[in-house]
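Okay, here's what each chain looks like letter by letter:
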Protein chains: 2
Amino acid sequence: MTKVLAIDVGGTKLSYAIINDNGEFLSEVKKTSTPKNIEELVQTFKNIIVENENDIDMTAFATAGAVNIENTKVDSSTPNLPKGYNDIDFSTLSKKPVFVENDANAAAWAEYKVGSAIGEDNNITITLGTGVGGGFIVGGRLLRGKSGRGGEVGSIKINGRGRICTCNRKDCWESYASGTGLKKTAEEVAIGDEIIKTSIYKDKKAQEITTYDIIDGLKKGDEYSKKVFNIWKQDLITGLLNITNIFDPETIVISGGMGEFIDTDEIANAVNNEIVVAPVKIKLAKAGNYAGMIGAALLACQKY
Amino acid sequence: MTKVLAIDVGGTKLSYAIINDNGEFLSEVKKTSTPKNIEELVQTFKNIIVENENDIDMTAFATAGAVNIENTKVDSSTPNLPKGYNDIDFSTLSKKPVFVENDANAAAWAEYKVGSAIGEDNNITITLGTGVGGGFIVGGRLLRGKSGRGGEVGSIKINGRGRICTCNRKDCWESYASGTGLKKTAEEVAIGDEIIKTSIYKDKKAQEITTYDIIDGLKKGDEYSKKVFNIWKQDLITGLLNITNIFDPETIVISGGMGEFIDTDEIANAVNNEIVVAPVKIKLAKAGNYAGMIGAALLACQKY
């Protein structure tokens, strides 16, 4: 049995545990806050590794950012992590093998191996949170692209309404289908549509209507909230049908906070109604909060 | 050396030749017209195979339509081929192995093995003709999806201007970025924009302005033609940057009739200016008119 120290690097917290090659936890998950400067961060990584090194065969990191094709470094900007993060050569942190993978890719691998897409060699995990992330399994292998940056599906352009994304580009799918996107749609409809006048939110400022307000409004039968949510849902569906037509996957797994607000059967029907490939299933994620750690551990086992 | 009888099934012509496992032609390409009824078509396939069967190890078909995951049958509608085409079990046509692949997928494989993307394990071939087709190579393997229908990139939705595609869906990339799409854009601009009044085509009916007129107008410095072509180019770029963000490919190969009208460096710059992954190269195809036959033959060699 292979034992992997899996470390999830978040902007505020580091989480870590020992996981085996079946994706089972052999220890409790421990947490510590993420140091704000790079020397402390590297030292914390080393301390965690030294503390566990005798009990493990390798270390696997799940991290924000694009990871290079050798799985040793982070290549892209990571605004929530200290300056210098891109200079860390993870392979030097331990005497034993070290593996790094992007957290969305790792989570997708976890859904494939122990979650909602077990045995389905063509599947996609889409994370709907503050942004939109994706991990793509093609013929049983993780899609990484030439540089390791593949899978940036939040940045595909849809529908041309001209919304400016947080990345300053126009019309990124993520600017519509994320939680932030729902809030932005709520604002636009509140400003541009008479329907707000009969809404329970008619006295709120447009930019103060939250994602939670819309979800709550849905439950209360508020027509404005329904309209906002339907636009958001259609934007979600457009991206899902685009990737379905390209990948012809068995399943799309939806993870992230926004997942709990959607009816997966309704979304699947809408997608399947428009695609030209064979029907896709849409399921909620079930590998859990530590999917990134599990996926990184399992990918590391596969590599070493 | 493996010898493959490669047959390209077109709506009007069947082309065939013997090709080896290096993609080299061992015979001239012969052609015959495509029979209009299914019994004659099957008989023609059998005749071609019998005529060559002693000299070959296997047969490979490149065909329109989605091919099943076993590479033995065509699953989708093929309007230019006789009714009953979907019932043909290609594996029964010969005593020796028979392989079938979609022509766009086969052409992409040819570009990868003997064309413009040799040695680049992540590459995409986009065919810009009457429609828009795609073949995707991911980590050195052809993307086929769960059912063999993967790669239907002409059907991804872009920009939301609401154009109705020939498939009756709205906003398919193919309805904008194909040759037909350029003609449609020409019509829309001629109807909706004052710029037509000073154009060399001001006396033509909007729906009679052809793709060729626009290309010719470009050479003559016609502002209307430039405007139409720039809109078409932007629509092309939007789709290319979407697939680049997802696949992070080394190269996108452009094949098909519209390829000769674009400046690949200009397109590559525009795409690379907007993507979040590493820069992509854009090249014209060079596996030639028989890329489908070559790719099908090479894929068959790999399978058998």
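Caption draft 1: Representation of unusual backbone geometry. Positive phi is not limited to glycine here, since D171(A) has a value of about 65°. Along the polypeptide, D171(A) turns up in the loop between β8 (141-142) and α3 (174-177). Backbone geometry at N168(B) places phi at a positive 75°, although glycine is not the residue there. Position of N168(B) relative to the elements: it lies in the loop between β8 (141-142) and α3 (174-177). Given 7 C-beta atoms within a 10 Å radius, N168(B) is considered exposed.

Caption draft 2: Layout of the sheet that holds strand β9 (residues 251-255) of chain A. Across the sheet, which stays open at both edges, the five strands sit in the order β8-β7-β6-β9-β10 (chain A) with mixed pairing between neighbours. In this open sheet, the two edge strands, each paired with only one partner strand, are β8 and β10 (281-284) of chain A.

Caption draft 3: Focus on the relation of the copies chain A and chain B. Laying chain A over chain B is done by rotating through 180° and shifting 0.0 Å along the axis; what remains is an RMSD of 0.0 Å. Such a combination of rotation and displacement between the chain copies is what one expects of a two-fold axis. It is N159(A) whose C-alpha, among those of chain A, lies nearest the rotation axis, at 2.1 Å. A shared interface surface links the copies, since 100% of the contact residues of chain A are contact residues in chain B too.

Caption draft 4: Main features of the domain arrangement of chain A. Residue and element names in this part refer to chain A. Its domain assignment divides chain A into domain 1 (3-110 + 289-303) and domain 2 (119-285). Here the C-alpha centre of domain 2 lies 28 Å away from the C-alpha centre of domain 1. Taken together, the contacts link 13 residues of domain 1 with 15 residues of domain 2. If you list the elements that add at least two residues to the side of domain 1 that touches domain 2, you get α2 (103-114) and α8 (291-303). Taken together, the residues of the side of domain 1 that touches domain 2 sort by class into nine nonpolar, three polar and one charged.

Caption draft 5: Region of interest: the nonpolar core. Counting residues in each nonpolar core, the largest one holds 174 residues, and the members touching the most others are A6(A), A296(A), A297(A), A6(B), A296(B) and A297(B). Setting aside its immediate chain neighbours within four residues, A6(B) contacts Y16(B), A17(B), I19(B), A60(B), M293(B), A296(B) and A297(B).

Caption draft 6: Quick look at the interface of chain A and chain B. Taken together, the contact between chain A and chain B spans 34 residues of the former and 34 residues of the latter. Element by element, the count of residues in the side of chain A that touches chain B is highest for helix α6 (residues 223-247) of chain A, at six residues. Here the side of chain A that touches chain B is composed, by residue class, of twelve nonpolar, twelve polar and ten charged.

Rules of the game
Residues numbered from 1 in each chain as written. Chains lettered and ligands numbered in written order. Predicted model: local features only at pLDDT ≥ 70, side-chain atom pairs only at ≥ 80, totals over all residues. Helix = DSSP H or I, 4+ residues; strand = E, 2+ residues; numbered from the N terminus. Buried ≥ 20, exposed ≤ 12 C-beta atoms within 10 Å, placed from the backbone. Pairing = 2+ DSSP bridges. Least-squares fit on C-alpha atoms with pLDDT ≥ 70 in both. Contact = placed C-beta atoms within 7 Å. Domains from an automatic or database assignment. Nonpolar A, V, L, I, M, F, W, Y, C, P; charged D, E, K, R; others polar. Core = buried A, V, L, I, M, F, W, Y, C linked by C-beta atoms within 7 Å.

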